[in-house]
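Structural overview for review
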Amino acid sequence: MPTRPQKQARWQPWLLQACVCLLVLSAWLTGLPARADSAEQLFARFEPALLQVRVIERASTAKSAIGTGFVLQLPTSGERLLVTNYHVVSEAVLFPEKYQLEALSQQQQKVPVQVLAVDVINDLALLQSSDPALTSGISFQMAAQKPAQGATIYSLGNPHDLGMILVPGTYNGLQKYSYYPRIHFTGSINSGMSGGPTVNADGQVVGVNVASGGNQLSFLVPGDSLSALLQRYQQQGQTANFRLDMQTQLQTSQRVMMDKILASDWQVKDFGNGKIPDEVTGFIRCWGESNVEKTQDKIKKVMAFCSQDDLIYLSERFSTGPVQMQFLWLQGHDMHPLQFFQQYEQEASNVRPDNQATKEDVTPFECEQQVVEQQGRKSKVVYCVRAYRQFADLYDVLYLATSLGDGLEAVSSHYTLAGVSADQAQAFRRKFSEAVSWQ
Amino acid sequence: MAVVIELLNRQGNVVALHKFTQPQVSLGRSYDNDVIVADPYVSPHHAELTLQDDGRWLLRDLASDNGSFDAKEQRSDVLTLSSGDSFFLAEQQFRIVDSSQAVAKTLPLDKAAARLNRLGHPLQLICWFVLVFCFDLAEHWFHNGAEDDLRWQQKLIQLPLYGLGLTIWPVLLMLWARFNHRHGYFRAQLALLLLVVLANNGWQLLEPWLRFNLNGASWLFWLDQAVVAILLFGLLLGNFTLALQQSKTRRMVLSACLVLLFSGQSLVPRLWQDDSPRLAPVYDETLLPLSYYIGPTHSNEQAIEHSKDLFKQASEQRQDEVK
């Protein structure tokens, strides 16, 4: 009986037609672009537009830092630029007499490059060269839309100088608590990939590789920040004085952040026998710990910390930006006040700035200590200030108030600010000292 | 007219004196000599001294095994010696002095030493020791009051050791004095040390209180250095007055030099650091209960207003050369 083969023969053309129709329909419905490259095709197509950016020390003519850069074509003018992270080229921007920049193409061709503009807050730099390696061939373009949460995106770069690679991962939106916008990318970005692009399936740039936060946890500068820098460059052209430009960027960005902190209505919470500020804005987060469960300890100790930890990278050993607050409540028993204050001194002393700097970057701390009466209670207040040598009206400040009494209870409150103006620092001090109180 | 023959030790100090009126004196290890030299390198009949007509003495070596030498240690069988000249038989040094030679001026008894000696009365010593131990225990209580009792027992066991440690320096000084044929003054030296330790302890109590009340004024560092230096100078000057037979100026110069050497250790880094930029903040950390504070209190506004100067100072330093 030939029934079954006949049936199959009749079925097959219909099934094929239906499948083709369905595919075309689905592609049309979901609006997928005509070129949906696979990862292999993507890499093969864009590899020529990826370069290794090298900071070369002039004296030794050897590289002192490496990163990745990518050729980007501006949508309006069609100009082609090399994009990388500011932290890759920072030494060459700050010390051009000591370092120079070059880019290494996929054909191992060395191309000298110059910095056009930087965004220190978002860690971006635009570079340029007249060499044909940059002015011709394939280039990247900005993505018009943000990817959907969970979409596969591809990070490109040269980790540890091992050669260009592609890392697939997922787009997970903006990092929730970061003060500066960063895309949360689930995929491994390693050092050396900094400055490389992260692209969608069409090879359009959605972000720039910037940092790694652990296993499969990486961060990207969003495409919006890059677009903003490109726009600024198109309007203002090449930056003439980088230090002055960075100073303006820092002052502006820090003013915006401090204004947000100062403008918000600080909520206070109970802390020991007093009150301290809680998470005063969305980007300041608090933690705490204590030893209250250890009944044998003669001093009960409760600690709370609040901070905005995002650092602005300025150079290899100089960073700024964080805001940190610390609170300590001590309660002693079975001891003399002199003994208690001896322990208190050890617990509360030895405060340090929370950002890194060298003596070439900052002046030594100028400190003063006074006994200050706040809300009817006396405390010893230590206040230290240092100025940034290269940037005007930017200071690091350090404040430590230790409550004074005759009993076995004490509260110390401490904060550090980095890269703020004198006025903002003073306004913060006023607001902070008024928010901390105890019985 | 007599002659004195002095036996000298390696340091040139007189260890024995022999006085003779006869014109001939024999020297050697044998018991039948006039000067018996108990030195294994000296021959039984080593040499002979004879008075010359001109009043000088002639030393003749009696074919000894190890020879006779002049003051410059040149071997010689016959030596002519005047009063005050020295000579060697083998390695043993002698000096020959005419009895008519004038002696040095009588040294006055050191009044300062006599006064210091009065400090060393045993009852007073016990009193100083008790006070030093009390200070030590009080300091321990202050720092470790919140700890368990085991530390207290350890501390009590350490006390005698601490006391013993304090005697090391007086013992050394005593030995030095004895070695130089001086009175040892052990108890006086010990009392002096204990008193200086007590004074230093008192200052260590006062200094944090001063720092706390003066809000860490920077001149307190120099005051602290000065007080410690003065105490050390007093101790050393007292020590040397008792132990050394030197003039007052020399004792003071010696003490001052040693004090400079000791305090230089903490002064030099401070002087250097003040010039070079530092990254960590430097401030006074002292905390004492409020009732120990008698200094000024500022309002919050005053304090904030006042700290404007800090920004000005920091800003002025921006352009300073980085050393």
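About the thresholds
Residues numbered from 1 in each chain as written. Chains lettered and ligands numbered in written order. Predicted model: local features only at pLDDT ≥ 70, side-chain atom pairs only at ≥ 80, totals over all residues. Heavy atoms only, no water. Axes fitted to C-alpha atoms, helices over the stretch in contact; angles between N-to-C directions. Helix = DSSP H or I, 4+ residues; strand = E, 2+ residues; numbered from the N terminus. Parallel < 35°, antiparallel > 145°, perpendicular 65-115°, else oblique. Contact = heavy atoms within 4.5 Å. Nonpolar A, V, L, I, M, F, W, Y, C, P; charged D, E, K, R; others polar. Buried < 20%, exposed > 50% of the residue type's maximum accessible area, 1.4 Å probe, protein only. Pairing = 2+ DSSP bridges. Disulfide = S-S within 2.5 Å. Domains from an automatic or database assignment. Buried area = accessible area lost by both parts, 1.4 Å probe. Salt bridge = Lys/Arg side-chain N within 4 Å of Asp/Glu carboxyl O. Polar contact = N/O pair within 3.5 Å; in protein donor to acceptor, adjacent residues only side chain to side chain.

Some points on the packing of helix α4 (residues 186–213) of chain B against helix α5 (residues 219–243) of chain B
Residues and elements named next belong to chain B.
- Running from N to C, α4 and α5 cross one another at 175°; their axes reach a closest spacing of 10 Å. Between α4 and α5, the angle is such that the two are roughly antiparallel. Each of Ala188, Gln189, Leu192, Leu193, Val196, Ala199, Asn200, Trp203, Glu207, Leu210 and Arg211 in α4 lies in contact with α5, whose residues at this interface are Leu220, Leu223, Asp224, Val227, Val228, Leu231, Leu235, Gly238, Asn239, Leu242 and Ala243.
- For the contact of α4 with α5, the per-class residue count stands at 15 nonpolar, four polar and three charged.

Considering the pairing of strand β24 (residues 395–403) of chain A
All names here are of chain A.
- Where burial is concerned, most of β24 is hidden: nine out of the nine residues are buried.
- Burial along β24 is two-sided: Tyr395, Val397, Tyr399, Ala401 and Ser403 and Asp396, Leu398, Leu400 and Thr402, pointing in opposite directions, are all buried.
- For strand β23 (residues 377–387) and β24, the ladder comprises nine bridges, and the chain directions are antiparallel. Each bridged residue has a counterpart across the sheet, and for Arg386 the counterpart in β24 is Asp396.

Focus: the environment of Ala49(A)
- Summarising the element assignment, Ala49(A) is placed in the loop between α2 (39–46) and β1 (50–57).
- Separated by 88 residues in the primary sequence, Ala49(A) and Gly137(A) place their C-alpha atoms 7.5 Å from one another.

So, the sheet that holds strand β4 (residues 35–36) of chain B
- Here five strands make up an open sheet; going across it, the order is β4-β3-β5-β6-β8 (chain B) and the pairing mixed. Only two strands of the sheet have a single neighbouring strand rather than two, namely β4 and β8 (78–81) of chain B.

Things to note about the state of the cysteines
- Within this structure, the stated rule accounts for two disulfides over all chains.
- For Cys286(A), the disulfide goes to Cys306(A), at an S-S distance of 1.9 Å. Here Cys286(A) and Cys306(A) share a disulfide; its torsion about the S-S bond, 105°, makes the bridge right-handed. You can see Cys286(A) sitting in strand β17 (residues 285–290) and its partner Cys306(A) sitting in strand β18 (residues 299–308), a full 20 residues away along the chain. Summarising the burial analysis for this pair, Cys286(A) and Cys306(A) share the class buried.
- The disulfide bridge from Cys367(A) ends at Cys384(A), spanning 2.1 Å between sulfur atoms. Disulfide Cys367(A)-Cys384(A): the torsion about the S-S bond is 110°, which places it as right-handed. Of this pair, Cys367(A) sits in strand β22 (residues 366–374) while Cys384(A) sits in strand β23, and the two are 17 residues apart along the sequence.
- For chain A, the bonded cysteines connect in the pattern 1-2, 3-4 when numbered consecutively along the sequence.
- A disulfide-free cysteine, Cys127(B) has its sulfur positioned 9.6 Å from the sulfur of Cys134(B), the nearest such atom.

A few points about the domain arrangement of chain A
Residue and element names in this part refer to chain A.
- The domain architecture assigned to chain A consists of domain 1 (40–240) and domain 2 (249–438).
- The straight-line distance from the C-alpha centre of domain 1 to that of domain 2 is 37 Å.
- Counting residues at the interface gives 14 residues for domain 1, matched by 17 residues for domain 2.
- Taken together, the two surfaces of domain 1 and domain 2 that pack against each other cover about 1,400 Å², and 56% of this comes from carbon and sulfur.
- Its largest share of buried area at the contact with domain 2, domain 1 owes to Tyr177, Tyr179 and Tyr180, together 47% of the area lost on that side.
- The interface formed by domain 1 and domain 2 contains zero salt bridges.
- Taken together, the links from domain 1 to domain 2 amount to eight residue pairs in polar contact (both at pLDDT 80 or more).
- Those elements giving two or more residues to the side of domain 1 that touches domain 2 turn out to be α3 (86–94) and β6 (114–119).
- The element that contributes the greatest number of residues to the side of domain 1 that touches domain 2 is α3, accounting for five residues.

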